[in-house]
Amino acid sequence: MQTENLMYVSTRGTGWGVPASRAILEGIAPDGGLYTPAALPVLTQEDIEVLQGMSYPDRAAHILQKFLTDYAPERLKDIAAKAYASFDHPDVAPVVPLDDTTGILELFHGPTCAFKDMALQILPYLLTGAMEIQGIDEQVCILVATSGDTGKAALEGFADVENTSVIVFYPKDGVSKIQELQMVTQRGENVGVCAVYGNFDDAQTGVKAILTDGEMAEALAAKKIRLSSANSINWGRLAPQIVYYISGWLDLVKKGALQMGEAFNICVPTGNFGNILAAYFAKRMGVPVKQLICASNRNNVLTEFIETGLYDRSRPFYQTISPSMDILISSNVERLLYELSGQNGFEVRTYMKQLSSAGEYQVSSTVGKGIKEHFAAGYCDDEGTKTAIARTFAKGYLADTHTAVALSVLEDYRRKTGDETYTLVASTASPYKFAASVYEAITGKAPEDDGPQLLETLAKLTNTAVPAPLAGLDKLPVRFTETAEKEGMREYVGRRLGL
Ligand SMILES: *Cc1c(COP(=O)(O)O)cnc(C)c1O
């Protein structure tokens, strides 16, 4: 039982610590930094024993309680039960064996078939819970920039949740047809969707600017509306992601794939660095992880960063067949920098200033050493991604393009290092979400039509089933068709909220 209240501090080192409910409500700290725990809780022997016998929702509540100390335990239990009831697998995030030394942690059994559901099905309840704890009688409007999966997952999570609304911006030509169709057909009275001319970083920068716009906040406050973020910079997104690494580890031990205490690796297809950061936090809490393997696509800014300590965002931006990883500014790296610099907010602020003024920063040797101690990295291009899909399918497993990037990087890593340690690979989307690329990887030719009927074709070809949430998408009415320049995003938000 936690007796102390865990506080959250900004990674940029200014301001006071705030309780979890405030960190979740605000999304981003007033100085532009990210809220991060002032101290990381550790799993005790007793925790581990208790967790072993629990269902996924109960594990989630137990682990979240260590981070969200100002939420009542019964409340968290209730929240977790509601959030994960919408998943179509009894284990919520099952581990599927691929071979003797590789397990796949399937994170796509939620209502939108991608891993963002793991956090976004629970975030609305964490937010409305936070408002209650803080005694706030207002509406909260969630702004989301998405490279595809977050948008739909946020829309699905918040649709018709009382006292909330949600607005999603996605890069016009940066998401798959299925992803776009999922978003523009979203049900719910409190949702808005707008395409932006630009890439994901443009959309994310635009959202960050609106969230820190004082004038906008004032105008909205008069209408009792506050803005918040559901991007993976929100602590309410990150905390639920720590849960599945702990849960996956416990399942591996239960199945005998690992001995209790035996070290293993985790390989994560990475974009904004949220998912792999959650694995790092799980490690810091006591999960025996040896290497965290950070897998990137051709947008390999993180590979260079982990290998050299230089973060250089001034490079060409590529659209790939793993679009949810097409990112040059991985926001959550900031939380890692904060940890590895010994919680030095001044140092982090300096790096972030350099990133925005010069487009790059080089970390200190201490931080560089810390990165190397925990992380390995690699990347692969679209050809490598397709090869990995075909090879994995031949072994009997159908992987999506993002998961395939991880599998390809893992293979390279093993070849290069000879490290044959058991590895858990995070599988972040159903292959059906990226059906055209998966089809092409398996058959060697692009499909004639990459619309929704392709799903049936893929099902027949691979002898697998179309996930229920994706079947019948083409029959839903399109509700959103608006497009904006990046400069027009603010105006869209104002209009939706009646300014
Ligand atoms: C978001 C996403 C990723 C990247 O996760 P980050 O937390 O941003 O690193 C990878 N794969 C899929 C399918 C995603 O939706």
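For the structure itself, consult the block above.
For every chain, the first residue of its written sequence is number 1, and the numbers climb from 1 along that sequence. Given that this is a predicted model, residues contribute local features only at a pLDDT of at least 70 and side-chain atom pairs are listed and counted only at 80 or more, while totals for whole chains, interfaces and linings are drawn from all residues. No hydrogens and no water enter the side-chain calculation; it runs on all heavy atoms of the structure.

## Describing the site of the ligand
Right, on to step 1. The cutoff for a nearby residue is simple: one of its non-hydrogen atoms must lie within 4 Å of the molecule or strand. By nearness alone, 15 residues border the ligand, and K116, D149, G271, N272 and T428 come closest of all.
Right, on to step 2. Polar contact is the term for a pair of N or O atoms within 3.5 Å; when the atoms are in protein, one must be able to donate a hydrogen and the other to accept it, and sequence-neighboring residues count only if both atoms are side-chain atoms. F273 is positioned with one of its backbone polar atoms (N or O) 3.1 Å from an oxygen atom of the ligand.
Right, on to step 3. Burial of the ligand by the protein amounts to 97% of the accessible area it has alone, namely 380 Å².
Right, on to step 4. Amino acids outside the nonpolar list (Ala, Val, Leu, Ile, Met, Phe, Trp, Tyr, Cys, Pro) and the charged list (Asp, Glu, Lys, Arg) are all regarded as polar, and Gly is one of them. A breakdown of the residues in the shell around the ligand according to their chemical character gives 5 nonpolar, 8 polar and 2 charged. Using a 1.4 Å probe, accessible areas were evaluated by the Shrake-Rupley method; residue-level cover was limited to the displayed protein chains.

## Points about the side chain of T385
Right, on to step 1. Along the chain, T385 turns up in helix α17 (residues 382–394).
Right, on to step 2. Owing to a relative accessible area of 0%, T385 belongs among the buried residues under this scheme.
Right, on to step 3. Beyond its immediate chain neighbours, meaning those up to four positions away, T385 contacts I321, C380, T401, A404 and V405. Helix and strand assignments follow DSSP, with helices taken as H or I runs no shorter than four residues and strands as E runs no shorter than two, numbered in order from the N terminus. Three labels apply to residues, based on accessible area from a 1.4 Å probe with only protein chains included: buried if under 20% of the type maximum, exposed if over 50%, partly exposed otherwise in between. In this description, contact between two residues means that some pair of their heavy atoms is separated by no more than 4.5 Å.

## Digging into the packing of aromatic side chains
The relative placement of two aromatic rings is captured by the distance of their centres and the angle of their planes.
Right, on to step 1. For Phe, Tyr and Trp, rings pair up if their centres lie within 6.5 Å, where Trp contributes its six-membered ring, and each pair is then called stacked (planes under 30 degrees apart), edge-to-face (over 60) or tilted (otherwise). This model, assessed by the stated rule, comprises 14 aromatic pairs.
Right, on to step 2. Seen in terms of ring centroids, F169 and Y492 are 5.8 Å apart; in terms of plane orientation they differ by 70°. Their pairing is edge-to-face. In this pair, F169 sits in strand β7 (residues 164–171) while Y492 sits in helix α21 (residues 489–496), placing the two residues 323 residues apart along the sequence.
Right, on to step 3. Consider the rings of F305 and Y361, whose centres lie 6.1 Å apart with planes at 70°: the pair is edge-to-face. Note that F305 is positioned in helix α13 (residues 301–308) and Y361 in strand β13 (residues 360–362), a separation of 56 residues in sequence. The residues F305 and Y361 share a single accessibility class, namely buried.
Right, on to step 4. Through pairs of rings, three or more aromatic residues link up here, namely Y8, F67, W235, F273, Y280, F281 and F375.
Right, on to step 5. The ring centre of Y318 lies 3.5 Å from the NZ or CZ of R298, which sits over that ring. Consider the ring centre and the ring normal. A charge sits over the ring if Lys NZ or Arg CZ is within 6 Å of that centre and within 35 degrees of that normal.

## Brief notes about the side chain of S165
Right, on to step 1. Tracing the chain through its elements places S165 in strand β7.
Right, on to step 2. Dropping the residues within four chain positions of it, S165 is found in contact with V140, C141, I142, N190 and L497.

## Brief notes about the packing of helix α7 (residues 149–158) against helix α8 (residues 177–184)
Right, on to step 1. For the pair α7 and α8, interaxial distance at closest approach is 9 Å and the crossing angle is 25°. Taken together, the axes of α7 and α8 lie roughly parallel to each other. Crossing hand, α7 versus α8: left-handed. Contacts between α7 and α8 involve D149, G151, K152 and L155 from the first element and Q179, Q182 and M183 from the second.
Right, on to step 2. Taken together, the residues of the contact of α7 with α8 sort by class into 2 nonpolar, 3 polar and 2 charged. Angular values range over 0 to 180 degrees, each being the angle between N-to-C directions of two axes fitted as lines to C-alpha atoms, with helices fitted over their stretch in contact. Angle categories are assigned with fixed cut-offs, so that under 35 degrees is roughly parallel, over 145 is roughly antiparallel, 65 to 115 is roughly perpendicular, and the rest are oblique. Crossing handedness follows the turn of the near helix against the far one: under a right angle anticlockwise gives a left-handed crossing, and clockwise gives a right-handed one.

## What to know about the pairing of strand β8 (residues 191–196)
Right, on to step 1. Counting buried positions along β8 gives 6 out of 6 residues, so the element sits mostly inside the fold.
Right, on to step 2. Burial along β8 is two-sided: the residues V191, V193 and A195 and G192, C194 and V196 are all buried.
Right, on to step 3. Pairing analysis gives 6 bridges linking β7 to β8, with the strands arranged parallel. Bridge pairing links F169 to C194 in β8.
Right, on to step 4. When the strands point away from the viewer, a crossover counts as right-handed if the route from the first strand across the helix to the second turns clockwise. One crossover worth recording links β7 to the parallel β8 by way of α8, and it is right-handed. Paired strands, in this sense, are two strands between which DSSP finds at least two bridges.

## A short note on the packing of helix α12 (residues 274–284) against helix α14 (residues 333–340)
Right, on to step 1. Following both chains from N to C, one finds α12 and α14 inclined at 30°, their axes separated by 10 Å at the closest point. Between α12 and α14, the angle is such that the two are roughly parallel. Note that α12 runs across α14; the crossing there is left-handed. Seen from α12, the contacting residues are L277, Y280, F281 and R284; seen from α14, they are R335, L336, E339 and L340.
Right, on to step 2. Looking at side-chain class alone, the contact of α12 with α14 contains 5 nonpolar, no polar and 3 charged residues.

Remember that the coordinates give geometry; whether it matters functionally is a separate question.
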